[in-house]
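Examination of the molecular architecture
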Amino acid sequence: MFADRVLSGMRPTGSLHLGHYHGVLKNWVQMQHEYECLFFVADWHALTTHYDTPQVIEQSVWDMVVDWLAAGVDPAHATLFIQSRVPEHAELHLLLSMITPLGWLERVPTYKDQQEKLSEKDLSTYGFLGYPLLQSADILIYRATQVPVGEDQVPHIEFTREIARRFNHIYGREPGFEEKAEAAVKKLGSKKARLYNELRTRFQEQGDDAALESAKSLLDEQQSLSHGDRERLFGYLEGGGKMILSEPRAMLTAASKMPGLDGQKMSKSYDNTITLREDEASVTKKIRTMPTDPARIRRTDPGTPEKCPVWPLHQVYSSEDVKQWVQKGCTTAGIGCIECKQPVIDAVLEEQRPMRERAQQYLDDPALVRNIIADGCEKARELARETMRDVREAMGLSYS
Ligand code: TRP
Ligand code: SF4
């Protein structure tokens with residue numbers, strides 16, 4: 001019923017590094033040309049775990065937006081905004097909390113996992129328990145159809161789908177729904193009405209999913225239906241009431257295989273990162289001083305690339321020719337380690353150069369970034385307000 005709309009958020013809890021670039025941002029940059037995209041800074045989500053160090057969040061918010069822009073996220077193609085500047089998210093979170101069983105929240109796997117992982121923090125808070133529900137509000141308020149996330153976030157999307165279903169089930173019924181739906185069917189015209197009824201019966205009586213899909217695309221093609229009738233016909237198809245909130249799908253982004261400076265996955269908690277816009281001297285130094293195959297003590301000792309943390313970086317950055325040169329040179333002690341690292345240094349610097357360039361104008365004129373976000377927040381709010389009108393009405397809150 002709704003056109004494809006992609007939404008994703010990122011928590012501002014520190015600088016972004018090349019792992020974020022390869023794992024998330026490159027994907028965003030590509031999607032902005034294929035879908036309507038909304039990307040936001042999840043500052044309230046950051047507060048659920050960093051409530052005692054808000055300075056970290058404050059500092060990271062703008063840096064992170066500059067990082068996005070540096071990576072090529074383009075405000076002409078995607079709407080960029082900050083969660084806390086769209087207070088409607090909080091209202092929807094509150095309203096959804098009325099119908100959210102505590103057990104559902106307690107059973108989300110990230111709840112106990114994160115509490116254990118971040119055991120130095122007291123995460124037995126109301127806000128942290130509600131983390132997945134706030135995320136649901138983020139998604140449902142834009143009626144997003146796809147949410148690009150990593151594997152770890154899939155349970156949150158599943159949870160969101162369940163919340164949407166529960167909401168539609170409880171509030172989707174309007175007085176006289178059946179009659180209104182029947183009337184809407186007639187408006188399709190006799191031929192399409194017959195087809196709709198036939199497909200609906202096939203789905204409801206035989207569970208024929210293909211029939212459901214055909215009926216949905218039939219409705220997608222009907223330009224002249226009113227919004228209300230369209231919702232009724234979608235709801236009527238699946239036997240429920242009116243569909244007010246739509247269920248999103250997770251769009252799984254392949255886990256970043258970006259190796260860090262020590263051979264483990266690049267991650268702030270391993271202290272093995274290169275930040276997105278790190279200066280050239282520092283990048284060069286970090287790679288030059290990376291550990292190598294411990295068996296290569298002297299320059300004349302042959303080594304094994306598979307036992308060296310530099311090798312995975314060649315896998316990301318080097319051509320077949322260079323990789324062969326490494327294999328041969330390393331195993332025969334034909335090249336030194338500094339020599340071997342140079343193509344990686346060059347490739348990382350080259351990858352970062354356009355990012356540093358793009359970032360420069362925003363660093364020179366921070367008002368540019370403020371304006372991009374102000375525009376994005378305004379656009380996002382408009383969409384959010386529309387959904388909230390429907391939600392309030394469905395929950396009986398639109399007194400006049
Ligand atoms: N929980 C997400 C993460 O840690 C961030 C996030 C918050 C999010 N709200 C969202 C992602 C909505 C996608 C959609 O990565
Ligand atoms: Fe590692 Fe390259 Fe040195 Fe071999 S030559 S040990 S692959 S850095």
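These remarks concern the structure in this document.

Quick notes on the rules
Residues numbered from 1 in each chain as written. Chains lettered and ligands numbered in written order. Predicted model: local features only at pLDDT ≥ 70, side-chain atom pairs only at ≥ 80, totals over all residues. Heavy atoms only, no water. Buried < 20%, exposed > 50% of the residue type's maximum accessible area, 1.4 Å probe, protein only. Helix = DSSP H or I, 4+ residues; strand = E, 2+ residues; numbered from the N terminus. Pairing = 2+ DSSP bridges. Disulfide = S-S within 2.5 Å. Contact = heavy atoms within 4.5 Å. Phe/Tyr/Trp six-rings, centres within 6.5 Å; stacked < 30°, edge-to-face > 60°. Lys NZ or Arg CZ within 6 Å of the ring centre and 35° of its normal. Axes fitted to C-alpha atoms, helices over the stretch in contact; angles between N-to-C directions. Parallel < 35°, antiparallel > 145°, perpendicular 65-115°, else oblique. Near = heavy atom within 4 Å. Nonpolar A, V, L, I, M, F, W, Y, C, P; charged D, E, K, R; others polar. Polar contact = N/O pair within 3.5 Å; in protein donor to acceptor, adjacent residues only side chain to side chain. Areas by Shrake-Rupley, 256 points an atom, 1.4 Å probe, with all protein chains shown as cover.

Within strand β3 (residues 78-82), 5 of the 5 residues are buried, which leaves the element mostly enclosed by the surrounding structure. Here β3 shows no split at all, with Ala78, Leu80 and Ile82 on one side and Thr79 and Phe81 on the other all buried. Sheet topology note: the strand β2 (residues 36-41)/β3 ladder contains 5 bridges and is parallel. Within the sheet, the bridge partner assigned to Leu38 lies in β3 and is Thr79.

Scanning the entire structure with this criterion turns up 0 disulfides. Between Cys37, a cysteine without a disulfide, and Cys377, which holds the nearest cysteine sulfur, the sulfur-to-sulfur distance is 17 Å.

Let us look at the environment of Val316. Position of Val316 among the secondary structure elements: in helix α15 (residues 310-317). Sequence separation between Val316 and Ala347 is 31 residues, and the spatial gap between their C-alpha atoms is 9.6 Å. Contacts of Val316, omitting those with residues within four sequence positions, involve His22, Met258 and Pro259.

Let's shift gears to the packing of aromatic side chains. Inspection of the entire model under this criterion finds 8 aromatic pairs. With centroids separated by 6.3 Å and ring planes inclined at 65°, the aromatic side chains of Phe128 and Tyr131 adopt a geometry described as edge-to-face. We note that Phe128, like Tyr131, is buried. Ring geometry for Phe177 versus Tyr236: centroids 6.2 Å apart, planes at 70°, classification edge-to-face. Note that Phe177 is positioned in helix α10 (residues 177-186) and Tyr236 in helix α13 (residues 227-237), a separation of 59 residues in sequence. We note that Phe177, like Tyr236, is buried. Taken together, the ring pairs in this structure connect Trp28, Phe39 and Trp68 into an aromatic cluster. Taking the ring centre of Tyr236 as reference, the NZ or CZ of Arg200 above it sits at 3.5 Å.

The next thing to look at is the packing of helix α3 (residues 54-71) against helix α18 (residues 366-394). Interhelical geometry of α3 versus α18 gives an angle of 90° and a closest axis separation of 11 Å. When the interaxial angle is binned, α3 and α18 end up roughly perpendicular. Packed against α3, whose contacting residues are Trp62, Val65, Val66 and Leu69, the element α18 presents Val369, Arg370, Ile372 and Ile373 at the interface.

This next bit is on the site of ligand 2. The environment of ligand 2 is made up of Thr292, Asp293, Arg296, Pro305, Cys308, Val310, Val326, Cys330, Cys337 and Cys340. Elements supplying a minimum of two residues to the shell around ligand 2: α16 (320-331) and α17 (337-364). Among the residues making up the shell around ligand 2, the classes are represented as 7 nonpolar, 1 polar and 2 charged.

Near ligand 1 there are 13 residues, and of these His45, Tyr131, Gln135, Asp138 and Gln153 occur at the shortest range. Contact between ligand 1 and Tyr131: a nitrogen atom at 2.7 Å from a side-chain N or O atom of the residue. Note that a nitrogen atom of ligand 1 is positioned 3.0 Å from one of the side-chain N or O atoms of Gln135. In the complex, 88% of the free accessible area of ligand 1, which totals 360 Å², lies under the protein chains. Put simply, the parts of the chain that give the shell around ligand 1 at least two residues each are β1 (5-10), α8 (131-140) and β4 (146-149). Looking at the shell around ligand 1, the element that brings in the most residues is α8, giving 4 residues. When grouped by side-chain class, the residues that make up the shell around ligand 1 number 6 nonpolar, 5 polar and 2 charged.

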